Amino acid sequence: LAEPDFVELLIHELPHSRVGVKDDAPFNDSFASFVGGEGARARYAGQGRAAEFDAHLAAEADWVRARDLLEETRAALEAAFAAQETDAWKRSAKAQILTAATSCLAEMTEATGNDGYQRLASRLNNAYLASLATYSDQQPAFAVRVADARGAWEPFFNAVDALANLSGEDRQ
């Protein structure tokens, strides 16, 4: 594990001790993932190593493309399952969507020489795609909260505490 990833992982775990909403993993993990990323960025900047962290993020660009592909795949599957079609049609659409995603991941493997994309392809299913969303879907809302707090952590955490006290419906 590269140092920036390790730092981000450690910082990701810290918010779980401050805010935890029962039965709302997407809120909890999107919050922790957002704080992990922003906290790691702030740590590196505070040490005068912002360029090092930015270089790490640039090197992770292929993973960002893969994550975007997986999000598009999840959205396509949701649309297919929501369609007013027969179960047979839905199974066929699912197979086509997953085949297309697997092909894209194979192309990424070939282009980058990174066989991690093939490992992603081997576990590509609805449950895996849903688990990825747990960590990312609500991050944009936390970015808005930190912008509202002008980048100050304490007002940001206070805003998140207030969100955590709302009902699940109101949090959305």
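Just above sits the structure.
Residues numbered from 1 in each chain as written. Predicted model: local features only at pLDDT ≥ 70, side-chain atom pairs only at ≥ 80, totals over all residues. Heavy atoms only, no water.

Engineer: Is there a simple way to think about a nonpolar patch on the surface in this case?
Structural biologist: Taken together, the side chains of Leu1, Phe6, Leu9 and Leu10 make up a nonpolar region of the molecular surface, amounting to roughly 430 Å² of accessible area. Checked against the element boundaries, Phe6 lands in helix 1 (residues 3-13). (Patch = residues over 30% accessible without salt bridge, like charges linked within 9 Å, V, L, I, M, F, W, Y side chains within 5 Å. Areas by Shrake-Rupley, 256 points an atom, 1.4 Å probe, with all protein chains shown as cover. Salt bridge = Lys/Arg side-chain N within 4 Å of Asp/Glu carboxyl O. Helix = DSSP H or I, 4+ residues; strand = E, 2+ residues; numbered from the N terminus.)

Engineer: Would you mind going over the packing of aromatic side chains with me for this structure?
Structural biologist: Within a pair of aromatic rings, the relevant descriptors are the distance that separates the centres and the angle that separates the planes. Counted under the stated rule, the structure contains 10 aromatic pairs. Both rings, one in Trp153 and one in Phe156, keep their centres 5.9 Å apart while their planes meet at 75°; by these two values the pair is edge-to-face. Residue Trp153 and its partner Phe156 are both found in helix 9 (residues 153-164); the two are separated by 3 residues, about one turn of the helix. Three or more aromatic residues joined by ring pairs make a cluster, and in this case those are Phe27, Phe31, Phe34, Phe142, Trp153, Phe156 and Phe157. Over the face of the ring belonging to Tyr44 we find Arg43, whose NZ or CZ atom lies 5.8 Å from the ring centre. A cation over an aromatic ring shows up here: Arg171 above the ring of Phe27, its NZ or CZ 5.3 Å from the ring centre. (Phe/Tyr/Trp six-rings, centres within 6.5 Å; stacked < 30°, edge-to-face > 60°. Lys NZ or Arg CZ within 6 Å of the ring centre and 35° of its normal.)

Engineer: I tried to follow the packing of helix 4 (residues 61-82) against helix 5 (residues 87-112) on my own but got confused; where do I start?
Structural biologist: When two helices pack together, their arrangement is captured by the angle between the axes and the distance separating the axes. It is the contact of helix 4 with helix 5, at a shortest axis distance of 9 Å, that shows an interaxial angle of 175°. Classified by the angle between their axes, helix 4 and helix 5 sit roughly antiparallel to one another. Residues Asp62, Arg65, Ala66, Leu69, Leu70, Thr73, Ala76, Leu77, Ala80 and Phe81 of helix 4 form the contact with helix 5, whose own contacting residues are Trp89, Lys90, Ala93, Lys94, Ile97, Leu98, Ala101, Cys104, Leu105, Met108 and Thr112. Across the contact of helix 4 with helix 5, the residue classes break down as 15 nonpolar, 2 polar and 4 charged. (Axes fitted to C-alpha atoms, helices over the stretch in contact; angles between N-to-C directions. Parallel < 35°, antiparallel > 145°, perpendicular 65-115°, else oblique. Contact = heavy atoms within 4.5 Å. Nonpolar A, V, L, I, M, F, W, Y, C, P; charged D, E, K, R; others polar.)

Engineer: Looking at this model, I keep getting lost on the pattern of salt bridges. Mind explaining?
Structural biologist: Opposite charge on two side chains allows them to pair when their charged atoms are near. Counted according to the given criterion, the structure contains 14 salt bridges. The partner of Lys22 in a salt bridge is Asp23, with the nearest N and O atoms 3.8 Å apart. The pair Lys22 / Asp23 is uniform in exposure class, with both members exposed. Taken together, the salt bridges that share partners define one network made up of Glu3, Arg43, Arg49 and Glu52. (Buried < 20%, exposed > 50% of the residue type's maximum accessible area, 1.4 Å probe, protein only.)

Engineer: How should I be thinking about the layout of surface pockets in this particular structure?
Structural biologist: Think of a ball as big as a water molecule: rolled over the atoms, this probe shows where empty space is left. Taken as a whole, the largest pocket holds about 1200 Å³ of empty space. As for the largest pocket, its lining consists of 31 residues, and the residues nearest its centre are Glu8, Ser33, Trp63, Arg67 and Gln139. The set of elements that each furnish at least two residues to the lining of the largest pocket consists of helix 1, helix 2 (25-46), helix 3 (50-59), helix 4, helix 7 (126-136) and helix 8 (139-148). Sorting elements by how many residues they give to the lining of the largest pocket places helix 4 first, with 7 residues. Here the second largest pocket is characterised by a volume of approximately 190 Å³. Lining the second largest pocket are Ala59, Asp62, Trp63, Asn114, Gly116, Tyr117, Arg119, Leu120 and Arg123. Elements with a minimum of two residues in the lining of the second largest pocket: helix 4 and helix 6 (116-122). With 4 residues, helix 6 is the largest single contributor of residues to the lining of the second largest pocket. (1 Å grid on protein atoms, 1.4 Å probe; cavity = no way out; pocket = protein on both sides within 12 Å on 5 of 7 lines; lining within 4 Å. Points joined across faces, edges and corners; volume = space filled by probe spheres on them.)

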